[in-house]
Amino acid sequence: SARAVTVSVGRLDSRSTVTRAFSFNAPGPSSPLRANVPISGALSVTMSGCNFGPLASSSAGALAGTAFESSEWGSDTAMVCRVGRGRGSQHAVLVTTGNLAGTVSLALSYDRAVTSSFLRANAAPTGALSVTLTGEGFGELSFSGDMRIHATACEGTAWISTTMLISKVPLAVSSRRRVVFTLGLLASTTSSAFSFNGAILTRQRNMPTTGGSSLTV
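Treat the numbers as computed from the prediction; the structure is a model and nothing was measured. (Residues numbered from 1 in each chain as written. Predicted model: local features only at pLDDT ≥ 70, side-chain atom pairs only at ≥ 80, totals over all residues. Heavy atoms only, no water.)

Asks: Tell me about the sheet that holds strand β18 (residues 164-168), and name the residues and values.
Replies: An order of β12-β14-β18-β17 is seen for the four strands of this open sheet, with the pairing classed as antiparallel. The two strands at the open ends of the sheet, each matched to only one other strand, are β12 (114-118) and β17 (156-161). The average angle at which neighbouring strand axes cross in this sheet is 30°, direction not considered. Sheet analysis places β17 next to β18, joined by five bridges and oriented antiparallel. Bridged to T157 within β18 is S167. (Pairing = 2+ DSSP bridges. Helix = DSSP H or I, 4+ residues; strand = E, 2+ residues; numbered from the N terminus. Axes fitted to C-alpha atoms, helices over the stretch in contact; angles between N-to-C directions.)

Asks: Please provide a residue-by-residue account of the pairing of strand β6 (residues 59-63), values included.
Replies: Counted residue by residue, β6 has four buried out of five residues, so it is predominantly covered. The pairing of β6 with strand β10 (residues 91-97) spans five bridges and is classified as antiparallel. Opposite L63, over in β10, you have V93 as the bridge partner. Of the pairings in the sheet, the one linking β6 to strand β7 (residues 66-67) comprises two bridges and is antiparallel in character. Its bridge partner lying in β7, A62 is registered against A67. (Buried < 20%, exposed > 50% of the residue type's maximum accessible area, 1.4 Å probe, protein only.)

Asks: Hey, could you go over the sheet that holds strand β8 (residues 70-75) for me, with residue numbers and the actual values?
Replies: The strand order across the open sheet formed by four strands is β3-β5-β9-β8, and the pairing between neighbours is antiparallel. Only two strands of the sheet have a single partner each, and these edge strands are β3 (28-29) and β8.

Asks: Requested: an account of the side chain of H91, with residues and values cited.
Replies: Structurally, H91 is set in strand β10. In this structure H91 touches L63, A64, L106, A107, L108 and Y110, once residues within four positions along its chain are discounted. (Contact = heavy atoms within 4.5 Å.)

Asks: Mind laying out the nonpolar core, listing which residues take part and the relevant values?
Replies: Of all hydrophobic cores here, the largest spans 34 residues; its most connected members are V83, V93, F118, M147 and F194. Breaking this core down by element, the ones donating at least two residues are β5 (43-50), β9 (78-83), β10, β11 (100-110), β14 (130-136), β15 (145-149), β19 (177-183) and β20 (186-196). Among the elements that take part in this core, β11 stands out by supplying four residues, more than any other. Non-local contacts of M147, meaning those with residues more than four positions away in its chain, are made with F118, L133, A153, C154, T157, L165, S167, V179, V180 and F181. (Core = buried A, V, L, I, M, F, W, Y, C linked by side-chain atoms within 4.5 Å.)

Asks: Which residues make up the pattern of salt bridges, and what values go with them?
Replies: Using the criterion set out here, one finds one salt bridge in the structure. The salt bridge partner of R82 is E69, with a shortest N-O separation of 3.3 Å. Taken together, the residues span a long stretch of sequence, with R82 in strand β9 and E69 in the loop between β7 and β8 at a distance of 13 residues. Owing to a relative accessible area of 32%, R82 belongs among the partly exposed residues under this scheme. (Salt bridge = Lys/Arg side-chain N within 4 Å of Asp/Glu carboxyl O.)

This is the structure in structure tokens:
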């Protein structure tokens, strides 16, 4: 930032000062060498750029407003940052050197969830049945995500682990529906993943060929 400049002449008690006359360049981070990290975090990424400072203790960083778990200065052009858990995509990264700061936008994203399969892939059209969905990247906490079958939200979704959740399926009348799992702003879709059972005729009665009679199914 801008600094004052003071000039002294010889032994004379004469000084001249100019305010905001000199400044140091702010750090200029560029995109990290790795642009995606798992939702669980706990992974180190290397930030490249310029003006990260001359000393090992001079720089720090933050992702989406949250400080990195640790920041290790490498040189004036590189630093290694340990990312914490999170969610979402295209987050900005902030690098500070002293009271100077530089930002790179759309720099780092968390991996989206990957849905795999249901332990039970069928339910009655009346819904109200709990089913288990397996996959990867379902988040670290119970509030992490929700699930929809086709365009209808499930009645409730309970987080079990990063690879499993349980949802109560809604009322539906058709089969072979796609499943959409949403985590933050990221959505993962599996086509034809779940179906609802069709009607089953259990009793049949003969009717006259002339018609005109009622039939109960």
